[in-house]
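Residue-level structure breakdown
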Amino acid sequence: MRKIKYMALISIIFILSACSLPGLGSSESDDEQIVLVSQVTTESQIMAHVVAQMIEHYIDTEVDQITNMGSAPMMHQAIMSDDANIAGAFYTGTALTGELGREPESDPDKALELVREGFREEFDMKWLPSYGFANTYAFMVTQEIADEYGFEKISDVADYADELVAGVDTTWLSRKGDGYEGFVSEYGFEFGTVYPMQIGLVYDAVESGEMDIVLGYSTDGRISSYDLVVLEDDLNFFPPYDASPVPTYDILATYPELENILLKLQGTINVEVMQRMNYIADDLMVEPTRVAEEFLKENNYFEEKEPYVEPVGKGGQV
């Protein structure tokens, strides 16, 4: 009899303890936690901290972050598996051909509408208006090379391409649609030598003369610090990669004020501002969280900015 009572007591203690242990049972507070996901890139880290600090400024809650994800699909998977509920920055061109598996779209407005509809219908996520900048692929050369060959736009490269050494993002070589194969088809020329590289290495490679021309990102801070010349994509080959925060509808329902907070960031960061923030983090070695904090403080957390009001009938659910 004593043994039975002892075992019953142990069972009750275990059940009560399990209620307070993470991962055992359900917790209302876990369901309501805002969890932000970002990639390993400097830009993604900065934007994640901008979003997190905006939320914490306006809502009395702490934002958890999952950082250093290796790719946009990994970020998306974290949200689909309920490990996160906001992407600090998704890009229209990447999401359109990646997560949605659609054909590239060169018109920025149409690309935005396609990803908004697609993410709402397929993933129950709300693609909000752009921060104001697009981080697209961009071919760039040194000022010296630009002067020597008279390069201003990509089409200018055609007559000299076979004698140029190009460094490009490794994944771009095999990308469908807006990758190297599509580029050759659109512009009608190939480079003499093409080296696949990590995207972060291309800027040093062209600045040091190891490469004649490289494919980088239009918002990278090293463009200005290395005095690189970005060549105009005169045939509009590269799709738009406008950046936006993308929360789930579930987290918007849990925090009704969250959408208006995120909408305060609409149109507040242009390409030059994003380049400057990337430069401060990459070249001056300032932590992304500090870069984000200083940006928001300079702008008073956009306290006076009226949030964007979505027109009726646009973007589906509101």
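The rules behind these values
- Residues numbered from 1 in each chain as written.
- Predicted model: local features only at pLDDT ≥ 70, side-chain atom pairs only at ≥ 80, totals over all residues.
- Heavy atoms only, no water.
- Phe/Tyr/Trp six-rings, centres within 6.5 Å; stacked < 30°, edge-to-face > 60°.
- Helix = DSSP H or I, 4+ residues; strand = E, 2+ residues; numbered from the N terminus.
- Buried < 20%, exposed > 50% of the residue type's maximum accessible area, 1.4 Å probe, protein only.
- Pairing = 2+ DSSP bridges.
- Right-handed = clockwise from strand over helix to strand, strands pointing away.
- Arc of directions from axis to C-beta.
- pLDDT = per-residue confidence, 0-100.
- Contact = heavy atoms within 4.5 Å.
- Polar contact = N/O pair within 3.5 Å; in protein donor to acceptor, adjacent residues only side chain to side chain.

This part takes up the packing of aromatic side chains. In this description, a pair of aromatic rings is defined by centroid distance and the angle of the planes. With the rule as written, the count across this model stands at 27 aromatic pairs. Here the aromatic rings of Phe139 and Phe238 are separated by 6.3 Å at their centres, their planes lie at 45°, and the arrangement is tilted. Of this pair, Phe139 sits in strand S4 (residues 137-142) while Phe238 sits in the loop between strand S8 (228-230) and strand S9 (243-247), and the two are 99 residues apart along the sequence. What makes Phe139 buried here is its relative accessible area of 1%.

Of all the 5 residues making up strand S1 (residues 35-39), 5 are buried; the element is thus mostly covered by neighbouring parts of the structure. By the bridge criterion, 4 bridges tie S1 to strand S2 (residues 64-69) in an arrangement that is parallel. Looking across to S2, one finds that Val35 is bridged to Asp64. Read as a crossover between parallel neighbours, the route from S1 over helix H3 (residues 42-58) to S2 is right-handed. With 2 bridges joining them, S1 and strand S3 (residues 86-91) adopt parallel strand pairing. In the strand pairing of S3, Leu36 is matched with Ile86.

To continue, consider helix H14 (residues 288-298). When H14 is considered as a whole, its buried residues turn out to be Pro288, Val291, Ala292, Phe295 and Leu296. Within H14, the buried residues cover an arc of 125° as seen down the axis, which keeps them to one side. Asn300 sits one or two residues past H14 and shows a positive phi near 50°.

On average, the protein scores 87 in pLDDT, and the residues at 70 or more come to 86%. Low pLDDT, under 50, characterises residues 1-30; the stretch is placed with 1 contact to residues that sit more than four places away or in other chains.

All right, on to the environment of Asp107 then. Positionally, Asp107 belongs in the loop between helix H5 (92-97) and helix H6 (108-123). As for Asp107 and Pro240, which are separated by 133 residues in sequence, their C-alpha atoms are 7.2 Å apart. Within the structure, the side chain of Asp107 is placed 3.1 Å from the backbone nitrogen of Asp109, a separation counted as a polar contact.

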